[in-house]
Amino acid sequence: MESDAESRTPRPGVPVRGSTSGRPVMAALDLLGRRWALRILWELHQSPAGFRELQRRCERMSSSVLSTRLGELTGARLLDLRDDSYRLTPLGEDLVEALSPLNAWSARWAAETGGEAAG
C-alpha cells in the first residue's frame, strides 16, 4: 500500500501539473519544482544526513515540509534511508550530475548580473 506522500509524488505516465500526458520531463519538473526539493537533493549530494541534520542544513525548514519532501523524493527513488541517514540513490546521483551544467550556467549568470556566486 502506498503512503500518502507516495500517492502524490509526480510519476512519469501520470498526469502532473502542466501535463495531462505525464511526460517524464514534466513529471520530473513538477517534482523538482516543489519547495525545498532541489535543496534537499543538493545537501544530500554533499553527504548523507539524518532528519535533524538535514533540517539544520536546510535553514531549519519546517519538519512537516521536510517530511513530505523526503517522502516524495524517496517515493520517486531519488533517496533512500539507511542507518538513520538519507542518501541519494544511484538515480538521485544521476540527477545531480545532470543538473551540473545548470549549476555552471547559474554561476556564470550570477557573475554577469552582479549576483553572488555562492555554491
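Structure: see above.
Please read all numbers here as calculations on a predicted model, not as lab measurements. (Residues numbered from 1 in each chain as written. Predicted model: local features only at pLDDT ≥ 70, side-chain atom pairs only at ≥ 80, totals over all residues. Heavy atoms only, no water.)

Draft legend 1. Summary view of a nonpolar patch on the surface. The grouping of Leu102, Trp105 and Trp109 at the surface amounts to a nonpolar patch, some 370 Å² of accessible area in total. Secondary-structure assignment places Trp109 in helix H6 (residues 90-113). (Patch = residues over 30% accessible without salt bridge, like charges linked within 9 Å, V, L, I, M, F, W, Y side chains within 5 Å. Areas by Shrake-Rupley, 256 points an atom, 1.4 Å probe, with all protein chains shown as cover. Salt bridge = Lys/Arg side-chain N within 4 Å of Asp/Glu carboxyl O. Helix = DSSP H or I, 4+ residues; strand = E, 2+ residues; numbered from the N terminus.)

Draft legend 2. A look at the environment of Gly92. Relative to the helices and strands, Gly92 resides in helix H6. As a C-alpha pair, Gly92 and Ser106 span 14 residues in sequence and 20 Å in three-dimensional space. Beyond its immediate stretch of four places on either side in the chain, Gly92 contacts Arg77 and Leu78. (Contact = heavy atoms within 4.5 Å.)

Draft legend 3. Fine view of the layout of surface pockets. Reported here for the second largest pocket is a volume of approximately 240 Å³. Around the second largest pocket sit Pro10, Pro12, Pro24, Ala27, Ala28, Leu31, Leu32, Ala76, Leu78, Leu91, Asp94 and Leu95, which together line it. Elements with a minimum of two residues in the lining of the second largest pocket: helix H2 (24-32) and H6. Per-element tally for the lining of the second largest pocket: the top contributor is H2, with five residues. Each residue belonging to the lining of the second largest pocket can be placed in one class, and the counts come to eleven nonpolar, no polar and one charged. (1 Å grid on protein atoms, 1.4 Å probe; cavity = no way out; pocket = protein on both sides within 12 Å on 5 of 7 lines; lining within 4 Å. Points joined across faces, edges and corners; volume = space filled by probe spheres on them. Nonpolar A, V, L, I, M, F, W, Y, C, P; charged D, E, K, R; others polar.)

Draft legend 4. Representation of the packing of helix H3 (residues 37-46) against H6. At a minimum axis separation of 11 Å, H3 and H6 run at an interaxial angle of 105°. In terms of orientation, H3 lies roughly perpendicular with respect to H6. Contacts from Leu38, Leu41, Trp42 and His45 of H3 reach H6 at Glu93, Leu95, Val96, Leu99 and Asn103. Grouping the amino acids of the contact of H3 with H6 by side-chain chemistry returns six nonpolar, two polar and one charged. (Axes fitted to C-alpha atoms, helices over the stretch in contact; angles between N-to-C directions. Parallel < 35°, antiparallel > 145°, perpendicular 65-115°, else oblique.)

Draft legend 5. Just the nonpolar core, in detail. In this structure, Ile40, Leu41, Leu44, Leu54 and Leu79 are the most contacted members of the largest nonpolar core, which totals 20 residues. Contributing elements (two or more residues each) for this core: H2, H3, helix H5 (63-75), strand E2 (85-88) and H6. Take this core: its biggest share by element is four residues, from H5. For Ile40, the residues in contact, after removing those within four places along its chain, are Leu54, Cys58, Met61, Leu66, Arg69, Leu70, Leu73 and Leu79. (Core = buried A, V, L, I, M, F, W, Y, C linked by side-chain atoms within 4.5 Å. Buried < 20%, exposed > 50% of the residue type's maximum accessible area, 1.4 Å probe, protein only.)

Draft legend 6. Region of interest: H6. Between its terminal C-alpha atoms H6 stretches 35 Å, which fits the 34 Å expected from 24 residues at 1.5 Å a residue. Roughly 35° is the biggest bend found in H6, and it falls at Ser100, with proline Pro101 one to four residues downstream. Within H6 the residues assigned to the buried category are Gly92, Leu95, Val96 and Ala110. Among the residues trailing H6, Gly114 stands out with phi positive, at a value near 80°. (Expected span 1.5 Å × (residues − 1). Bend = angle between axes of the 7 residues up to and from the residue.)

Draft legend 7. The packing of H3 against H5, seen in detail. Running from N to C, H3 and H5 cross one another at 75°; their axes reach a closest spacing of 10 Å. Comparing their axes, H5 and H3 come out roughly perpendicular. Contacts between H3 and H5 involve Ala37, Ile40 and Leu41 on the former and, on the latter, Leu66, Arg69, Leu70 and Leu73. Split into classes, the residues belonging to the contact of H3 with H5 amount to six nonpolar, no polar and one charged.

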